[in-house]
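The primary structure of each chain is shown beneath.
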There are 2 protein chains.
Amino acid sequence: MSLRPTLDFLLHQWLGVESLRLRERFADHSRETFDAVLDTCERIAREKYAPFNRLVDTQEPHFDGERVILPQATHDAQKAYAGSGMLSAAQDYEVGGMQLPYTVEASANAFFAMASVSIGSGMLTTGNANLLMKHGTEAQQRVFALNEFSGRFSGTMCLSEPQAGSSLSDVMTRALPDGDGFENDPLGPRYRLRGNKMWISAGEHELTENIIHLVLAKIPDEHGKLVPGVKGISLFIVPKKLVDTEGQLTGERNDVALAGLNHKCGWRGTTNTLLNFGEGKYPVRGEAGAVGYLVGQPGRGLQCMFHMMNEARIGVGMAATMLGMAGYHASLDYAKNRPQGRPVSTGGKDAAAPQVRIIEHADVKRMLLAQKSYCEGALALELYCARLVDEQHTGDAQAADDARLLLEVLTPIAKSWPSEWCLEANSLAIQVHGGYGYTRDFPVEQYWRDNRLNMIHEGTHGIQGMDLLGRKVLMENGKGLQLLAGRINATIERGIQVPELAAHANALGQALAQVGAATKAAWATGSPGDALANAVPYLQAFGHTVLAWIWLDVALAAQASAESPARTGRLGAMRYFFHYELPKIGAWLQVVSARDQTCASLPEAAF
Amino acid sequence: MSLRPTLDFLLHQWLGVESLRLRERFADHSRETFDAVLDTCERIAREKYAPFNRLVDTQEPHFDGERVILPQATHDAQKAYAGSGMLSAAQDYEVGGMQLPYTVEASANAFFAMASVSIGSGMLTTGNANLLMKHGTEAQQRVFALNEFSGRFSGTMCLSEPQAGSSLSDVMTRALPDGDGFENDPLGPRYRLRGNKMWISAGEHELTENIIHLVLAKIPDEHGKLVPGVKGISLFIVPKKLVDTEGQLTGERNDVALAGLNHKCGWRGTTNTLLNFGEGKYPVRGEAGAVGYLVGQPGRGLQCMFHMMNEARIGVGMAATMLGMAGYHASLDYAKNRPQGRPVSTGGKDAAAPQVRIIEHADVKRMLLAQKSYCEGALALELYCARLVDEQHTGDAQAADDARLLLEVLTPIAKSWPSEWCLEANSLAIQVHGGYGYTRDFPVEQYWRDNRLNMIHEGTHGIQGMDLLGRKVLMENGKGLQLLAGRINATIERGIQVPELAAHANALGQALAQVGAATKAAWATGSPGDALANAVPYLQAFGHTVLAWIWLDVALAAQASAESPARTGRLGAMRYFFHYELPKIGAWLQVVSARDQTCASLPEAAF
């Protein structure tokens, strides 16, 4: 079973991605070039990723005292990935890129997430280099970013610290000017950094010649004090090994040391580290302190990071989606081949009759259709958001601004919804397998373990909820929410005209009204404490409403297509979502609207 | 933090377990003897189980070619458990038992499930021996059961086969009479068994001198054919090593061979095996075939098993509950100690203020209260069911029969509800920990992995749903459901009179009416296919309604107690359940009432 037909339908019949050719930036592209990229990535994922997914789960990264050892398969896979040119897929032709639409890039990367999410493709490296292409100097781009795009170097993002996980304002890593003339280093103003960074993926390994850390740190004020809050945060390039202005290694190690590997529940193929910056293990010019080059303006580090946050969060949502999809395909295959029991619809009593394959049982079908509905719906959402990224980058001014605002509102959903529901899909995939699904002889328990990370990294569920209800639906006088409501209403209007979809269109209209009313009710007192106590139930209800909209919109495209099993399946998955899922929003919104303080007001001693 | 105050409250203030002393069987017991048992088990669990829970996760059972090797800690723990006398807690004094009420036995065993579910206490051994005390001959009891109660032997249950997981009617293990005079063996009619048994927990190990397998197999008819269906199933005692009539090992191995160890996602401390019976690896008297002794009548094997199914399912529900509780306690402890961020209720903006402990964040409180509500509610349900077991065994005729019927209806909930919602609690416990919760440095990811088994073994969610909606609510003209409704209504009537609880009592009344209406609507066409397509959503809604009832009933007891943080916490958890959880039943029941066939009718090719 291949992901490709679903992907092709969504990209072409639904999103009409080919029309991006009309944009100057993508003028050289065509359905053929898009297909070629997908073909290549599908093949590499099949040959170099999928066969080794269990291996990287069992052969975790380990530190031999000097180096972090990863399986050969990981080296081979990442080499093949870099060789595909995908690391610079979105970049200009003149720097060796493909000028590929983000929608196609994200689609192509989906194959790797599905085949082996923890071998990893290049999300961090690409993100790191993209950031430098946006905010770095010419030299920083040439020396660091271009070598990342080629696969010679890899990149990390160093935000969290042990005492400040999600609370970036509490970052304590300090950056001090590195001696006289520090401002005039050709690679950017030169500082020495000291501090600890936690949860750094790909923070240490031998996969590439060098590792380029992008590090958030604070430059102390004239009294030597760190500025409280996020305003004091600056961004630095800190290479693992020092380089010259041509990007050649000088042979000198920078003062960045591995302090520990994190041993995770899943996603074990990816090294995750605690790093010590500047503790003196590798002194530079006889002095402790990791050498770092300032990117952009001092105190503007978070703004640089925010630029890439949408894509990073869509990336996490896509990873969650593809883990869900992998489980769906595995359990569908199992259900089609495993004989067990007799269907209740025929009485289930004729014990002399042969056993049927379990896909003939209604409850197994329910578990499969739920997975299809979660995962294909989530995929559509991620692609829709990816398409908005392209619009933001290449649309006309109005369309670009609308896309920007829609992304502000949709990104918390694109990140959180698949993390929750495609994880649930993975649990259902285990359940379809019965006891076999709980063993490591089948792949589904690993998908489930791998997927549990996604509700945590790149902003937890709690943070996404507060971002949505506390910021995104309010910003610019609620214009983002209005824009989204406009898009949803446009789909509803089209749906109402199709007899088969009219009831669903009405249900969506009611759901949208409920979300709108709950948003108002939550903020009726104007108190963040009142409103945000139930930000996560709000996020859940908002997410289900968005997915119902996506499914109705996808169903309109399916409806217009010729009769086929795939069409029947898409309409069935849509119907499942409207019958089984959308009605759940009532329970979530009830506490939001009531500004329920049952949890928030319970005294600590009562737990 | 200790489980004990919650357990004591539920046993004494709520269930009034002490009153069992009035029954002749328990006349020698008192609050003091009950407490002594709980004290002992709490201590053994703390000293011999909890410290080794991670160790048994990492040092999985392995086969060295001859023996299955388990960590020394497992040997020590199980020895301490056997030494406590708990294996025969429920048995008569005259066979060395304690004549302990099942409610107290289940409570005491809860400590082990919470400390290390996969080291395991004696559930299978006790269940095996209890079955023999009920259905075995005097010799079978003396030779096998009593040696299990002492801890000298251990027991298994061999039901599933590779080609017939949940479908016992398809069992293919064959039992043939073992030569002339087979009927006159002092240990019971002697057969030779041949077949494979899958998912056999504790199927091979060196923890005890011998392993007593209870095996379902079919005796072929006069034409050598197996009788289709469950009617043909008989039950056999198949010891790993042959014994004489005094229970001494004869020195001869029986023809039972380990065919493989299952490597699981969690619950790794417990050996789980595929066993070959009678393949000839260990021929007995020169002949292939595992020697087995018939228990009870031929063809009545499943009936013997059903006798212990209620307790086994309550045991699984309790295990799920205690894994949830372990995660709740761990995440509560973490939340009280981890500083991170600033509360949104005070603006959250003063970055110069010190960070607060995360228990001060509303969303963390929500995640903690949800866990408390799931796990303490589930514990109350399991204890309620355990109390019904005692009533069934020692109540007067009417009370015993009522208890029997209530258990028929409640057991699917007692098994399924904690499996689903205390797993969700474990996921929330990870979430409270953030990234740390996803690492193996904290215990919560293991609880989550361990708990995923519980929706699968002892009857999957799907099977529980069909049992409930397809059998239990219909049986004896719906009398079980009526009895339960009567109990629920009695609680509602008491609740309505307490101002603080009246609204919840009304909500419960409405939920009960909704469940009743959905039950009728599901069966309106009389077609099992129509009704059972949504048996699992029905199970979920039924479960939430039962839990709301349990919480209201517990709240009545809490209400009557003196002001204390624990009282506030119980009422808060009850309120959480009514505000955040009970409203979910609407979405589940909607598809049940509509006899929705979206899933059941989707053709296979459309998936």
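Residues numbered from 1 in each chain as written. Chains lettered and ligands numbered in written order. Predicted model: local features only at pLDDT ≥ 70, side-chain atom pairs only at ≥ 80, totals over all residues. Heavy atoms only, no water.

Looking now at the overall build of chain A. Looking only at helices and strands, one finds 19 helices and 12 strands in chain A. Over its C-alpha trace chain A gives a radius of gyration of 25 Å, about what one expects of a compact globule, namely 25 Å for 607 residues. Its C-alpha atoms give chain A principal-axis dimensions of roughly 85 × 60 × 55 Å. Partitioning the intrachain contacts of chain A with sequence separation of at least 6 by distance along the chain shows that 75% fall at a separation of at least 24. For chain A, the accessible area works out to roughly 20800 Å², and carbon and sulfur atoms hold 52% of it. (Helix = DSSP H or I, 4+ residues; strand = E, 2+ residues; numbered from the N terminus. Rg over C-alpha atoms; globule rule 2.2 N^0.38 Å. Contact = heavy atoms within 4.5 Å. Areas by Shrake-Rupley, 256 points an atom, 1.4 Å probe, with all protein chains shown as cover.)

On the side of chain A, 95 residues touch chain B, which itself brings 95 residues to the contact. Carbon and sulfur atoms supply 60% of the area that chain B and chain A bury against each other, a total of about 8100 Å² over both sides. Among the residues chain B hides against chain A, the three largest losses belong to Tyr438, Arg440 and Phe607 of chain B. Together they make up 11% of the total. In this structure, the connection of chain B to chain A is made through six salt bridges. Among the salt bridges present, the one from Glu604 of chain A reaches Arg357 of chain B, with a minimum N-O distance of 2.8 Å. Here the side of chain B that touches chain A takes eight residues from helix α18 (residues 565–581) of chain B, the largest share from any one element. (Buried area = accessible area lost by both parts, 1.4 Å probe. Salt bridge = Lys/Arg side-chain N within 4 Å of Asp/Glu carboxyl O.)

For the rest of this paragraph, the subject is the environment of Gly136 of chain B. Residues and elements named next belong to chain B. Residue placement: Gly136 occurs in the loop between α6 (123–135) and α7 (138–149). Residues Gly136 and Phe306, 170 residues apart in the sequence, show an inter-C-alpha distance of 15 Å. Excluding anything up to four places from it in sequence, Gly136 contacts Leu131, Gln141 and Val295.

For side chains bearing opposite charge, pairing can occur when the charged atoms are close. Residue and element names in this part refer to chain A. One pass over the structure, following the stated rule, counts 78 salt bridges over all chains. For the salt bridge of Asp64 with Arg67, the shortest nitrogen-to-oxygen distance reads 3.5 Å. The partner of Glu408 in a salt bridge is Lys472, with the nearest N and O atoms 3.3 Å apart. Placement of Glu408 in helix α11 (residues 397–433) and of Lys472 in helix α13 (residues 461–472) is noted, with a sequence separation of 64 residues between them. Residue Glu408 is classed as buried on the basis of its relative accessible area, which comes to 17%. (Buried < 20%, exposed > 50% of the residue type's maximum accessible area, 1.4 Å probe, protein only.)

Let us look at the pairing of strand β12 (residues 290–295) of chain A. Residue and element names in this part refer to chain A. With six of six residues buried, β12 is to be regarded as a mostly interior element. Judged by which residues are buried, β12 turns out to be covered on both faces: Ala290, Gly292 and Leu294 on one side and Val291, Tyr293 and Val295 on the other are all buried. Pairing of strand β5 (residues 190–201) with β12 involves four bridges; the strand directions are antiparallel. When the bridges of β12 are listed, Arg190 appears paired with Tyr293. Of the pairings in the sheet, the one linking strand β7 (residues 233–239) to β12 comprises three bridges and is antiparallel in character. When the sheet's bridge partners are listed, Ile237 is paired in β12 with Tyr293. (Pairing = 2+ DSSP bridges.)

Next up on the list: the side chain of Arg342 of chain B. Considering the arrangement of structural elements, one finds Arg342 of chain B in the loop between α9 (309–337) and α10 (362–394). Note on Arg342 of chain B: relative accessible area 13%, which makes it buried. Looking at Arg342 of chain B, its side chain comes within polar contact range of the side chain of Asp170 of chain A, at 2.6 Å. A polar contact is formed between the side chain of Arg342 of chain B and the backbone oxygen of Ala353 of chain B, at a distance of 2.8 Å. (Polar contact = N/O pair within 3.5 Å; in protein donor to acceptor, adjacent residues only side chain to side chain.)

This part is about the packing of aromatic side chains. Residues and elements named next belong to chain B. Applying the stated rule across the entire model yields 36 aromatic pairs over all chains. Taking 5.4 Å as the distance between ring centres and 75 degrees as the angle between the ring planes, the aromatic pair formed by Phe182 and Tyr191 counts as edge-to-face. Its relative accessible area of 16% is what places Phe182 among the buried residues. On the basis of relative accessible area, Tyr191 is assigned to the buried category, the value being 6%. Seen in terms of ring centroids, Tyr538 and Phe542 are 5.7 Å apart; in terms of plane orientation they differ by 50 degrees. Their pairing is tilted. (Phe/Tyr/Trp six-rings, centres within 6.5 Å; stacked < 30°, edge-to-face > 60°.)

With that settled, consider helix α14 (residues 475–496) of chain B. All names here are of chain B. Taking 1.5 Å of rise per residue, 22 residues should cover 32 Å, and α14 covers 31 Å from first to last C-alpha, within 8% of that figure. Met475, Gly478, Gly480, Leu483, Leu484, Ile488, Thr491, Ile492 and Gly495 are the residues of α14 that are buried. Tucked into the core, α14 has its buried residues touching α11 (397–433), α13 (461–472), α15 (499–522) and α17 (535–559). (Expected span 1.5 Å × (residues − 1).)

Summarizing the sequence annotation, UniProt attributes the feature "domain: Acyl-CoA dehydrogenase/oxidase N-terminal" (unreviewed entry) to residues 34–142 of chain A in the numbering used throughout. Helix makes up 61% of residues 34–142 of chain A and strand 4%, and the two end C-alpha atoms of the span are 28 Å apart. (UniProt positions renumbered as here; feature names shortened; annotations may be inferred.)

This next bit is on the relation of the copies chain B and chain A. Under the fitted operation, chain B is carried onto chain A by 0.0 Å of movement along the axis and a turn of 180 degrees, and the coordinates agree to an RMSD of 0.0 Å. Here the symmetry operator amounts to a two-fold rotation axis. Rotation axis and chain B: the residue whose C-alpha lies nearest the axis is Lys584 of chain B, separated from it by 3.2 Å. Both copies share a contact surface, since 100% of the interface residues of chain B are interface residues in chain A too. (Least-squares fit on C-alpha atoms with pLDDT ≥ 70 in both.)

One can read the domain layout of chain A as domain 1 (1–121), domain 2 (154–298), domain 3 (308–459) and domain 4 (461–601). Computed over C-alpha atoms, the centres of domain 2 of chain A and domain 4 of chain A are 41 Å apart. (Domains from an automatic or database assignment.)

Attention shifts here to the nonpolar core. Among the nonpolar cores identified, the biggest contains 304 residues, and Phe542 and Val546 of chain A together with Phe542 and Val546 of chain B are the most heavily contacted of them. Not counting chain neighbours up to four residues away, the residues in contact with Val546 of chain B comprise Leu381, Leu410, Ile413 and Leu484 of chain B. (Core = buried A, V, L, I, M, F, W, Y, C linked by side-chain atoms within 4.5 Å.)

All names here are of chain B. Mapped onto the secondary structure, Gln141 falls in helix α7. Taking relative accessible area as the criterion, Gln141 reaches 19% and is therefore assigned buried. Here Leu132 takes part through its backbone oxygen, which lies 3.3 Å from a polar atom of the side chain of Gln141. Leave out the neighbours within four places in its chain, and Gln141 touches Leu132, Met133, Gly136 and Leu146.

Right, let's talk about helix α2 (residues 31–49) of chain A for a bit. All names here are of chain A. Helix length check: α2, at 19 residues, gives a terminal C-alpha distance of 26 Å against a target of 27 Å (1.5 Å per residue), a fit within 8%. Every buried residue of α2 is accounted for by Phe34, Asp35, Val37, Leu38, Cys41, Glu42, Ile44, Ala45 and Tyr49. Buried residues along α2 sit against α1 (4–14), α3 (53–58), α4 (72–83) and α5 (102–116).

Another aspect to go through is the packing of helix α5 (residues 102–116) of chain B against α10 of chain B. Residue and element names in this part refer to chain B. The contact between α5 and α10 brings their axes to 7 Å, and the two run at 145 degrees. Only Leu383, Ala386, Arg387, Val389 and Asp390 of α10 make contact with α5, whose side of the interface consists of Tyr102, Thr103, Ala106 and Ser107. Here the contact of α5 with α10 is built from residues that sort into five nonpolar, two polar and two charged. (Axes fitted to C-alpha atoms, helices over the stretch in contact; angles between N-to-C directions. Nonpolar A, V, L, I, M, F, W, Y, C, P; charged D, E, K, R; others polar.)

Residue and element names in this part refer to chain A. Summarising burial for strand β3 (residues 153–158): six of the six residues are buried, a large majority. A two-sided burial pattern is seen for β3, the buried positions comprising Phe153, Gly155 and Met157 on one face and Ser154, Thr156 and Cys158 on the other. Two elements, β3 and strand β6 (residues 210–218), share six bridges in a ladder whose sense is parallel. Bridge assignment links Thr156 to a residue of β6, and that residue is His213.

With that out of the way, let us pick up the environment of Leu100 of chain B. Residues and elements named next belong to chain B. Here Leu100 is to be found in the loop between α4 (72–83) and α5. The buried category is assigned to Leu100, whose relative accessible area is 2%. Taking C-alpha positions, Leu100 is 36 Å from Leu428, a pair spaced 328 residues apart along the chain. In this view, Leu100 contacts Phe26, His29, Phe34, Val37, Ala89, Ala90 and Glu105; residues no more than four positions away in its chain are not counted.

Here we take up the confidence of the model for chain A. Per-residue pLDDT for chain A averages 96, and the proportion of residues at 70 or more is 99%. Taken together, the chains of this predicted complex give a pTM of 0.97 and an interface ipTM of 0.97. (pLDDT = per-residue confidence, 0-100.)

Moving on to the packing of α5 of chain A against helix α9 (residues 309–337) of chain A. Residue and element names in this part refer to chain A. Contact geometry for α5 and α9: axes closest at 9 Å, N-to-C directions at 45 degrees. Accordingly, the angle class assigned to the pair α5 and α9 is oblique. Two packed elements cross with a definite hand, and for α5 against α9 that hand is right-handed. Contacts between α5 and α9 involve Tyr102, Ala106, Ala110, Ala113 and Met114 from the first element and Glu311, Ile314, Gly315, Met318, Ala319, Met322, Met325, Ala326 and His329 from the second. Residues of the contact of α5 with α9, tallied by class, amount to 11 nonpolar, two polar and one charged. (Parallel < 35°, antiparallel > 145°, perpendicular 65-115°, else oblique. Left-handed = near helix turned anticlockwise from the far one by under 90°.)

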